[in-house]
Amino acid sequence: MEINAQRLWDRLHQLGQIGVDPQGGVTRWTFTDADTKAKNWLIGEMKAAGLDVHEDPVGNVIGVYNPGGSPLAPVLCGSHFDTVRNAGIFDGCLGLLAGVEAVQTFKENQIDLKRPLWIIGYRDEEGNRFNSGMIGSKTVTGKALPEDFLVQDAAGITLKEAMERCGYHPEAYRQSQIDPIYASVELHIEQGKVLEQNQCPVGIVEGIPYLRFYEVTLSGCSGHAGATPMNDRQDPVLAMTEWIRQITESARQKPYTVATVGCIQTFPGSTNVICDHVTFTLDIRSLDEAQIEACLREIEILEARLESEGIQVRRELRHILYGMDCDERLKHQLETIVEKRDLPVFRLMSGAGHDSQNFKDVCPCAMIFVRSVNGYSHRKEEYTPIEDCAAGANVLLDMLYQLANEEDRASSSPQTVL
């Protein structure tokens, strides 16, 4: 059984025409006119594919395939259709439309499943408008909180108000929770170069990393750039270079761990003045939270030395996201499917966050990646060729078929609740 690759490709490009911006990319922020137009288009395509469609109180678009009327817990498949500013057409949308395509393939082949299959377009995954995100999958998994709806956009409009303006009922968000869920599967572009570098069209995701975001300030002593001898300086810029080298080398030596300093500011920032202090950010991620702790213990040794040399150190935790290991049994299932599709078996970490991470401690969860050319994503040049889209969609098709034909089973990992 094969999906219709051209139909999937055509749908991707049709959706990609909604919200095209002057820069040539796509900008569809949640609960805007472009987003509403995309949602209405999606509902039409879901119905055409054979799904019974409804929207929940926060606007998640849910298509149900259950021709036999099974009362069993559903298998969920989905992703998002909102975008960052000036985005490409594949991020989120490929996984969502591949789920729609899988259902249409089942319907055309008159395939009945033992348990329901729900295809979900999750709202506001990217979070650009409200500086938040993933509210759709948070509500589905019962992890949303009342304060999540009070975040504001640049105009002071709250998420709650934006939902209400679109006809939704955020006060009833708890009704969006789906319980129980048998399993969840998400197909997504990789958004990096790992699959491309290893010549693999499809990858099996090990998990989504833990993330900690810090703001670091190193303070020294300002002075004249020419009149202060090199052996009489407490220069925070020099200290910062040591700090960055240490944290990145620590991460390099640990599995599935990355560290990034993405924003640096110097004060006063004058050409001929030794800096008084510097501030910079640290984004550190790992599949194993213990590896993050190990990196931080190592940097604390350097920080103690810098303090003894007259450099004051302040490191403040600004944000934390908890990671998720994908279900081991489902990963093995995917390996068998990939082998049968004559594709190389390859596992990799997800460097980015996804709706799937909200399924931690809720149900078994798996993710499938396909190649991103040049690793491009969150930009208009984002591209995955039709062959790779089809390969990933066919792996998804097989996985959904297997899961939706399973009987109830015992937990296959510590995080599983059925």
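Here's what I pulled together on the structure shown here. (Residues numbered from 1 in each chain as written. Predicted model: local features only at pLDDT ≥ 70, side-chain atom pairs only at ≥ 80, totals over all residues. Heavy atoms only, no water.)

Moving on, we come to the nonpolar core. Counting residues in each nonpolar core, the largest one holds 61 residues, and the members touching the most others are Leu-117, Ile-119 and Leu-400. The element contributing the most residues to this core is helix 10 (residues 386-403), with ten residues. With residues up to four places along the chain from it excluded, the contact list for Ile-119 reads Met-46, Leu-51, Val-61, Ile-62, Gly-63, Cys-77, Leu-96, Gly-99, Val-100 and Val-103. (Core = buried A, V, L, I, M, F, W, Y, C linked by side-chain atoms within 4.5 Å. Buried < 20%, exposed > 50% of the residue type's maximum accessible area, 1.4 Å probe, protein only. Helix = DSSP H or I, 4+ residues; strand = E, 2+ residues; numbered from the N terminus. Contact = heavy atoms within 4.5 Å.)

This part covers the pairing of strand 4 (residues 117-122). Within strand 4, five of the six residues are buried, which leaves it mostly tucked inside the rest of the structure. Taken together, the five bridges between strand 2 (residues 61-65) and strand 4 define a ladder with antiparallel strand orientation. Residue pairing for strand 4: Ile-62 is matched across the bridge by Ile-120. One ladder, built from six bridges, connects strand 3 (residues 75-80) with strand 4; its direction is parallel. By the bridge assignment, Leu-76 is partnered in strand 4 with Trp-118. (Pairing = 2+ DSSP bridges.)

To continue, consider the packing of aromatic side chains. In the structure shown here, the tally under the stated rule is nine aromatic pairs. Aromatic pair Trp-243 and Phe-280: ring centres 5.1 Å apart, planes at 70°, arrangement edge-to-face. Of the two residues, Trp-243 is situated in helix 7 (residues 236-252) and Phe-280 in strand 13 (residues 277-286); the sequence distance between them amounts to 37 residues. Residue Trp-243 shares its accessibility class with Phe-280, and that shared class is buried. Through a chain of ring-to-ring contacts, three or more aromatic side chains come together here, namely Trp-9, Phe-90 and Tyr-383. Geometry around Tyr-182 places Arg-115 over its ring, the cationic atom sitting 3.7 Å from the centre. (Phe/Tyr/Trp six-rings, centres within 6.5 Å; stacked < 30°, edge-to-face > 60°. Lys NZ or Arg CZ within 6 Å of the ring centre and 35° of its normal.)

This part takes up the layout of surface pockets. Each pocket or cavity is described by its volume, and for the largest pocket that value is around 980 Å³. Forming the walls of the largest pocket are 34 residues, and the residues nearest its centre are Met-134, His-319, Leu-321, Gly-353 and Gln-357. For the lining of the largest pocket, the element with the most residues is strand 14 (residues 312-321), which contributes three residues. Residue classes in the lining of the largest pocket are distributed as ten nonpolar, 14 polar and ten charged. The space that makes up the second largest pocket amounts to roughly 390 Å³. Along the walls of the second largest pocket sit 19 residues, with Val-194, Val-258, Met-349, Gly-351 and Ala-352 positioned nearest its centre. Of all the secondary structure elements, the ones that give two or more residues to the lining of the second largest pocket are helix 7, strand 10 (257-260), strand 13 and strand 16 (347-348). Counting residues per element, the lining of the second largest pocket draws most heavily on strand 10, which supplies three residues. Class assignment of the residues belonging to the lining of the second largest pocket gives a composition of eight nonpolar, five polar and six charged. (1 Å grid on protein atoms, 1.4 Å probe; cavity = no way out; pocket = protein on both sides within 12 Å on 5 of 7 lines; lining within 4 Å. Points joined across faces, edges and corners; volume = space filled by probe spheres on them. Nonpolar A, V, L, I, M, F, W, Y, C, P; charged D, E, K, R; others polar.)

Turning our attention to the sheet that holds strand 1 (residues 52-55). In space, the eight strands of this open sheet follow the order 1-2-4-3-5-17-6-16, with mixed pairing throughout. Looking at which strands have only one partner, the edges of the open sheet turn out to be strand 1 and strand 16. As judged from the six bridges shared by strand 5 (residues 183-189) and strand 17 (residues 365-370), these two strands associate in the parallel manner. Within strand 17, the position partnered with His-188 by the bridge is Phe-369. Taken strand by strand, helix 3 (residues 93-108) contacts strand 2, strand 3, strand 4, strand 5 and strand 17, and its axis lies near 155° from that of strand 4. (Axes fitted to C-alpha atoms, helices over the stretch in contact; angles between N-to-C directions.)

Under the defined criterion, the tally for this structure stands at 31 salt bridges. Here Arg-347 ties to Glu-206 by a salt bridge, and the two come within 3.3 Å at their closest N and O atoms. Here Arg-347, found in strand 16, pairs with Glu-206, found in the loop between strand 6 (202-205) and strand 7 (207-208); they are 141 residues apart in sequence, far enough to count as distant. Accessibility classification places Arg-347 together with Glu-206 in one group, the buried group. The closest approach of N and O atoms between Glu-406 and Arg-329, which form a salt bridge, is 3.0 Å. Here Glu-406, found in the segment after helix 10, pairs with Arg-329, found in helix 9 (residues 328-340); they are 77 residues apart in sequence, far enough to count as distant. Classification of Arg-329 as partly exposed rests on a relative accessible area of 26%. Connected through salt bridges with shared partners, the residues Arg-7, Arg-11, Glu-45, Glu-101 and Glu-108 form a single ionic network. (Salt bridge = Lys/Arg side-chain N within 4 Å of Asp/Glu carboxyl O.)

Turning our attention to helix 3. Between its first and last C-alpha, helix 3 extends 22 Å over 16 residues, near the 22 Å set by a 1.5 Å rise per residue. Burial analysis of helix 3 places 14 of its 16 residues in the buried class, which makes it a mostly covered element. Gln-110 lies just past helix 3 and shows a positive phi near 55°. (Expected span 1.5 Å × (residues − 1).)

For helix 2 (residues 33-49), built from 17 residues, the straight-helix expectation of 24 Å at 1.5 Å per residue is met to within 8% by its first-to-last C-alpha distance of 25 Å. Of all the positions in helix 2, only Ala-34, Asp-35, Ala-38, Lys-39, Trp-41, Leu-42, Ile-43, Glu-45, Met-46 and Ala-49 are classed as buried. Check the buried side of helix 2 and you find it contacts helix 1 (5-15), strand 1, strand 2, helix 3 and strand 4. Trailing helix 2 by a residue or two, Gly-50 shows a phi angle of about 105°, which is positive.

Position of His-13 relative to the elements: it lies in helix 1. A residue is classified by how much of its surface remains accessible, and His-13, at 31% relative accessible area, is partly exposed. A sequence separation of 80 residues divides His-13 from Cys-93, and the C-alpha atoms of the two residues are 10.0 Å apart.

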